[in-house]
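# A closer look at the structure
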Amino acid sequence: MELRKDPVTQSWMLVGDEQPGIGRDSGGPCEWCAGGRLQAGRTVYVSPGGVRVYPHPHPLYQIEGTESRTGEGIYDRMRTVGAHEVVLESATHDRQIVLATDREAAEVLNTYGARLVDLKKDQRFRYVTVFKNRGKLAGEEFSHAHSQITATPFVPRRMVYELRASRTHYQSKERCVFCDIVQQEESRGTRVVEATANYLAMCPFAPRVPYELWVLPRYHAASFETDIAGRSGNGAGDVLELAGILRRSLARVEHITDAYHMVLHTTPNTSTQRGVTVQWTTVADDYHWHFEILPIAEKRTRSYSIKEVYYCPVSPERAAEELRQA
Ligand SMILES: [Zn+2]
Ligand SMILES: [Zn+2]
Ligand SMILES: [Zn+2]
């Protein structure tokens, strides 16, 4: 696999003929349960409350080396350098976040925060994505309750769009677009699913899929990891409150469908190998972290691209060859 940049949209894609990094349950006993082969493997992090994080057994990105960008005429490519981790949400096989206590879910959120902080220290990485694919239709890799984290040498395209648009909104109005959304949704109420003292669960005005749901702070905070670190110290109640509304939101979605994607959107790594990335200098004011939950409501939802990073398991070279011979 390698990373290739689409010269038109400027977004990076994973391309290659090898089977991409998809782990699968072996069909035997769960390897993430106590005593299993993967559970017994090396961890990259264990939270104070015992949430374990492992390197992905079939990583999409490799931790060693440099990105080694190369050009080929107008095209750019680079190595798949990055990190790919599995967060075991619980030692208990089927204890998904929805079934957990608020305290257990808060421990998972604190673990996300700790990994974000740690991975962002690596200046090769421009962005760290925390996501969860739940259900077969969502491409869930292991049946054991888990989420995943990837760190990439580029900012994924959906994030680039959001970051640029938030900056543009801020430049013209001197306000955070998400704060504006929160304010308007709260005054109307029609798209609000639940509000707590500090957090809001709402259906976005222009959803990409049916039942799309966002969970975001009602106060302004750009970076999830900075925010949550500040709140878990003295105000642990806030993380519990967030855990509660996120857990209930996932439970609501599971009434509609058992398959969904959940992704955390937070600030990119603003200090990279090439110094502070100039384009994100106002990000602390213009961006606002949030969770997006994208349910898969129908079996046949086509053209439904929720992946943060697109990958193509067949290279265009091989595709052209096959198509020529077809
Ligand atoms: Zn298991
Ligand atoms: Zn805001
Ligand atoms: Zn977003």
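Being a predicted model, the structure only gives us computed values, none of them experimental. (Residues numbered from 1 in each chain as written. Chains lettered and ligands numbered in written order. Predicted model: local features only at pLDDT ≥ 70, side-chain atom pairs only at ≥ 80, totals over all residues.)

### Quick word on the overall build of the protein
- Helix and strand content of the protein: 7 helices and 17 strands.
- Here the analysis covers contacts within the protein between residues at least 6 apart in sequence; of these, 71% occur between residues at least 24 apart. (Helix = DSSP H or I, 4+ residues; strand = E, 2+ residues; numbered from the N terminus. Contact = placed C-beta atoms within 7 Å.)

### Section: the sheet that holds strand E3 (residues 45–46)
- Taking strand neighbours across the sheet as the criterion, the 10 strands line up as E3-E4-E7-E9-E8-E13-E16-E12-E11-E10 in an open arrangement whose pairing is antiparallel. The open sheet has two edge strands, E3 and strand E10 (192–195), and neither has a second partner.
- Here strand E12 (residues 213–217) pairs with strand E16 (residues 290–295) via 3 bridges, running antiparallel. What sits directly across from valine 215, in E16, is phenylalanine 291. (Pairing = 2+ DSSP bridges.)

### Details of unusual backbone geometry
- Positioned with a positive phi, glutamine 10 is a non-glycine residue whose angle comes to about 65°.
- As for its placement among the helices and strands, glutamine 10 is situated in the loop between strand E1 (2–5) and strand E2 (12–15).
- The exposed category is assigned to glutamine 10, around which 11 C-beta atoms lie within 10 Å.
- Although it is not a glycine, tyrosine 211 sits at a positive phi angle of roughly 70°. (Buried ≥ 20, exposed ≤ 12 C-beta atoms within 10 Å, placed from the backbone.)

### A few points about the confidence of the model for the protein
- On average, residues of the protein carry a pLDDT of 87, and 88% of them reach 70 or more.
- For the stretch residues 300–305, pLDDT sits under 50, and the model shows 3 contacts to residues farther than four places along the chain or on other chains. (pLDDT = per-residue confidence, 0-100.)

### Side note on helix H2 (residues 157–173)
- The terminal C-alpha atoms of H2 lie 24 Å apart, and with 17 residues this matches the ideal 24 Å at 1.5 Å per residue to within 8%.
- Within the sequence span of H2, burial applies to Arg158, Met159, Leu163 and Ser166. Along H2, the residues classed as buried sweep out an arc of 125° about the axis, all on the same side. Turned more than 90 degrees away from the buried face of H2 sit Ala165, Thr168, Gln171 and Ser172, all of them exposed.
- Contact partners of the buried residues in H2: strand E8 (127–134), helix H3 (177–188), strand E13 (260–265) and helix H6 (283–286).
- One or two positions beyond H2, positive phi appears at glutamate 174, with a value near 55°. (Expected span 1.5 Å × (residues − 1). Arc of directions from axis to C-beta.)

### What to know about the pairing of strand E9 (residues 146–152)
- When you tally the buried positions in E9, you get 7 out of 7 residues, the bulk of the element.
- Judged by which residues are buried, E9 turns out to be covered on both faces: His146, Gln148, Thr150 and Thr152 on one side and Ser147, Ile149 and Ala151 on the other are all buried.
- Relative to E9, strand E7 (residues 83–88) is paired through 6 bridges, and the arrangement is antiparallel. Of the residues in E9, the one forming a bridge with histidine 84 is threonine 150.
- As defined by bridge partners, E8 adjoins E9 across 5 bridges and the pair is classed as antiparallel. Residue tyrosine 127 lies in a different strand from E9, and its bridge partner there is threonine 152.

### Describing the pairing of E13
- For E13, a buried count of 6 out of 6 residues is recorded, marking the element as mostly surrounded by other parts of the structure.
- Here E13 shows two buried faces, one formed by Tyr260, Met262 and Leu264 and the other by His261, Val263 and His265.
- In this sheet, E13 lies alongside E8 in antiparallel orientation, the contact comprising 5 bridges. For lysine 132, the partnering residue across the bridge sits in E13 and is methionine 262.
- Examined bridge by bridge, E13 and E16 share 6 bridges and lie antiparallel to one another. Residue pairing for E16: tyrosine 260 is matched across the bridge by proline 295.

### Brief notes about the nonpolar core
- In terms of nonpolar packing, the biggest core is built from 67 residues, with Leu109, Val215, Leu246, Tyr260 and Ile293 touching the most fellow members.
- Per-domain counts for this core show at least three residues from each of domain 1 (2–152) and domain 2 (157–325).
- Not counting residues up to four positions away in its chain, the partners in contact with leucine 246 are Ala105, Val215 and Phe291. (Core = buried A, V, L, I, M, F, W, Y, C linked by C-beta atoms within 7 Å. Domains from an automatic or database assignment.)

### Here we look at the environment of isoleucine 293
- One can find isoleucine 293 in strand E16.
- Those residues in contact with isoleucine 293 that lie beyond four places of it in its chain are Glu212, Leu213, Ser249, Leu250, Val253, Tyr260 and Met262.

### With respect to the environment of glutamate 89
- Examined against the element boundaries, glutamate 89 turns out to sit in the loop between E7 and helix H1 (102–120).
- Under the C-beta neighbour-count criterion, glutamate 89 is labelled buried, with 23 such atoms within 10 Å.
- Separated by 18 residues in sequence, glutamate 89 and glutamate 107 place their C-alpha atoms 8.6 Å apart.

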